[in-house]
Amino acid sequence: MGKIILTGDRPTGRLHVGHYVGSLRRRVELQNSGEYEKIYIMIADAQALTDNADNPEKVRQNIVEVALDYLSCGLDPAKSTIFIQSMVPELTELSFYYMNLVTVSRLQRNPTVKSEIQMRNFETSIPVGFFTYPISQAADITAFQATTVPVGEDQMPMIEQCREIVHKFNTVYGETLTMPDIMLPDNKACLRLPGTDGKAKMSKSLNNCIYLSDTEEEVKTKVMSMFTDPNHLKVSDPGQVEGNPVFIYLEAFSKPEHFEEFLPEYAGIEELEEHYKRGGLGDVKVKKFLNNVLQAELAPIRARRQEWEKNIPAVYEILKKGSEEAQQVAAQTLRDVRASMKINYFDDAALIKEQMEKYSK
Ligand code: TRP
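These numbers come from a predicted model, not from an experiment.

Criteria and cut-off values
- Numbers given to residues run from 1 along each chain, matching the order in which its sequence is written.
- In keeping with the predicted nature of the model, local features appear solely for residues at pLDDT of at least 70, side-chain atom pairs appear and are counted solely at 80 or more, and the whole-chain, interface and lining totals rest on all residues.
- In computing side-chain values, all of the structure's heavy atoms are included and hydrogens and water are not.
- For helices the rule is a DSSP run of H or I covering at least 4 residues; for strands it is a run of E covering at least 2, with both sets numbered from the N terminus onward.
- Residue burial is assigned from relative accessible area. The probe radius is 1.4 Å, only protein chains are included, and a residue is buried under 20% of its type maximum, exposed over 50%, and partly exposed in between.
- What makes two residues a contact is simply this: any of their non-hydrogen atoms within 4.5 Å.
- Only the protein chains shown count as covering a residue, and every accessible area follows the Shrake-Rupley method with a 1.4 Å probe.
- We score Asp and Glu as negative and Lys and Arg as positive, and we do not count His or the chain ends.
- For this purpose, a charge sits on NZ of Lys, CZ of Arg, CG of Asp or CD of Glu.
- Fitted lines through C-alpha atoms serve as axes, helices being fitted only where they are in contact, and the angles separating the N-to-C directions of these axes extend from 0 to 180 degrees.
- Roughly parallel means an angle under 35 degrees; roughly antiparallel, over 145; roughly perpendicular, 65 to 115; everything else is oblique.
- Helix crossings fall into two classes, left-handed where the near helix is turned counterclockwise from the far one by less than a right angle and right-handed where it is turned clockwise.
- A crossover gets the label right-handed when its path from the first strand over the helix to the second runs clockwise, viewed with the strands pointing away from the viewer.
- The pairing criterion for strands is at least two bridges between them, as found by DSSP.
- Here, expected helix span is obtained from the residue count minus one, scaled by 1.5 Å.
- The aromatic pairing rule takes the rings of Phe, Tyr and Trp, using the six-membered ring of Trp, and pairs them if the centres are within 6.5 Å, calling planes under 30 degrees apart stacked, those over 60 edge-to-face and the rest tilted.
- Near is defined per residue: the residue qualifies when any heavy atom it owns lies within 4 Å of the molecule or strand.
- Whenever two N or O atoms come within 3.5 Å, that pair is a polar contact, provided that in protein one can donate a hydrogen and the other can accept it, and provided that, for residues adjacent in sequence, both atoms are side-chain atoms.

Caption draft 1: Molecular detail of the overall build of the protein. Scanning the protein from N- to C-terminus turns up 17 helices and 5 strands. Taking all 361 residues of the protein together, 52% fall into the buried category. A separation threshold of at least 6 residues defines the contact pool for the protein, and within that pool the share at least 24 residues apart is 77%. With the model as given, the accessible surface of the protein reaches about 17,900 Å², and the carbon-plus-sulfur share is 54%. Charge separation in the protein, taken as the distance between the mean sites of 42 positive and 52 negative side-chain charges, equals 3 Å.

Caption draft 2: Focus on the packing of helix H11 (residues 216–224) against helix H15 (residues 283–309). Here H11 crosses H15 at 150°, and the two axes come no closer than 9 Å. Relative to H15, H11 is oriented roughly antiparallel. Crossing hand, H11 versus H15: right-handed. Here H11 contributes Glu-216, Val-219, Lys-220, Val-223 and Met-224 to the contact with H15, which in turn contributes Val-284, Lys-287, Lys-288, Leu-290, Asn-291, Leu-294, Gln-295, Leu-298 and Arg-302.

Caption draft 3: Local environment of the pairing of strand E2 (residues 36–43). Most of E2 sits inside the fold, with 6 of its 8 residues counted as buried. Between the parallel pair strand E1 (residues 3–9) and E2, the chain is carried across by helix H1 (residues 17–33), and the sense of this crossover is right-handed. As paired strands, E2 and strand E3 (residues 81–84) are joined by 4 bridges and run parallel to one another. From the neighbouring strand, Ile-43 faces E3, where its bridge partner is Ile-84.

Caption draft 4: Representation of unusual backbone geometry. Phi is positive for Gln-145, close to 50°, though the residue is something other than glycine. Considering the arrangement of structural elements, one finds Gln-145 in the loop between helix H8 (133–143) and strand E4 (148–150). The exposure class of Gln-145 is buried, given its relative accessible area of 13%. Phi angles above zero are rare outside glycine, and Asn-207 is one such case at about 60°. Residue position: Asn-207 is located in the loop between helix H10 (188–191) and H11. Owing to a relative accessible area of 69%, Asn-207 belongs among the exposed residues under this scheme.

Caption draft 5: Main features of helix H9 (residues 156–173). With 18 residues, H9 extends 26 Å from end C-alpha to end C-alpha; this agrees with the ideal 26 Å at 1.5 Å per step. Taken together, the buried positions of H9 are occupied by Pro-157, Met-158, Ile-159, Gln-161, Cys-162, Ile-165, Val-166, Phe-169 and Asn-170. In the segment just after H9, Gly-174 is the residue with positive phi, at about 100°.

Caption draft 6: Spatial organisation of the packing of aromatic side chains. Tallied over the full model, the rule gives 9 aromatic pairs. Ring geometry for Phe-247 against Tyr-276: centres 4.6 Å apart, planes inclined by 55°, an arrangement best described as tilted. Of this pair, Phe-247 sits in helix H12 (residues 245–253) while Tyr-276 sits in helix H14 (residues 269–278), and the two are 29 residues apart along the sequence. For the residue pair Phe-247 and Tyr-276, the accessibility class agrees, reading buried in each case.

Caption draft 7: Spotlight on the site of the ligand. Around the ligand, the surrounding shell holds 14 residues, and the nearest of these are Met-42, Gln-47, Gln-137, Asp-140 and Gln-155. Here a nitrogen atom of the ligand sits 2.8 Å away from a polar atom, N or O, in the side chain of Gln-47. In this structure, Gln-155 approaches the ligand through a side-chain N or O atom, which is 3.0 Å from a nitrogen atom. In isolation the ligand exposes 370 Å². Once the protein is present, 90% of that is buried. Of all the secondary structure elements, the ones that give two or more residues to the shell around the ligand are E1 and H8.

Set out below in structure tokens:
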């Protein structure tokens, strides 16, 4: 059996450069590598509703934003199946059966759930749907028999939980589900890109994101006002590179050709970092370089987005086709699951015979 990818995003806002280096860029490479038999990219609207139940309009509005971001990054509907989670109702049925294989205390120990509960002050009033979303995420992955789940580091506990469910299901009901592997970004800076303010995470509410759909001007303004080393006051002062978002972004984005084009006096990132640490290299110069690098990377994405924005019905058509295809694949897995659990009563000739014999004595 070939390798199969499933991954996705919650449609709660436009995607930002953290999504890009953490996952999107890789997806496009994987898509074009030809190594995968199937690639499924899911817009996780049902999962987004687990903590936005009072605001379905937000989710509704952002589905097309995420789809536009996907297409503009180079995800190609001819090679990848892009679909909407709630359009595949089989996923909810799978979740319902998997719920019996997971304990409440195991969910409470899931680090992502734990920290999100704390972050959002859900402590005392967690919606059951939110609490159980790791189970629904396992349904997303297994419905497509995914072997490979390319995601950011923050999703590690979800994949771990999914693997446990697969193991439990296969042990209890017989080999049915495919054991998935997580695929993390290979560059350390890409694991978790900090916000422009230096905070650990980019988040819309913190207003510290650079969006893929930002204009050239917006990107420039954000880069030039980025947080750097607060102790690097004078150009001659030695500066710190670790934890300095400007350098983390450069590690995530810059390529040798960017140095050749925009900063030929440095051989590469190491030399630039050495100079900054030694002192004598000003923040403005580094930020201008970062701006050039980001503009070079984002310009083709922005241009493709503008093209797709002129044809919104085509974007919905892609999602509709993708959802229909995904639904058929998930339906097959659900048939396999029901057969393994022996709850496929009407396809089960042995069951009918057994009951008949019981009553014909
Ligand atoms: N939890 C993911 C996120 O917040 C989205 C998601 C839902 C997902 N189901 C998935 C990712 C299955 C990978 C596999 O971005």
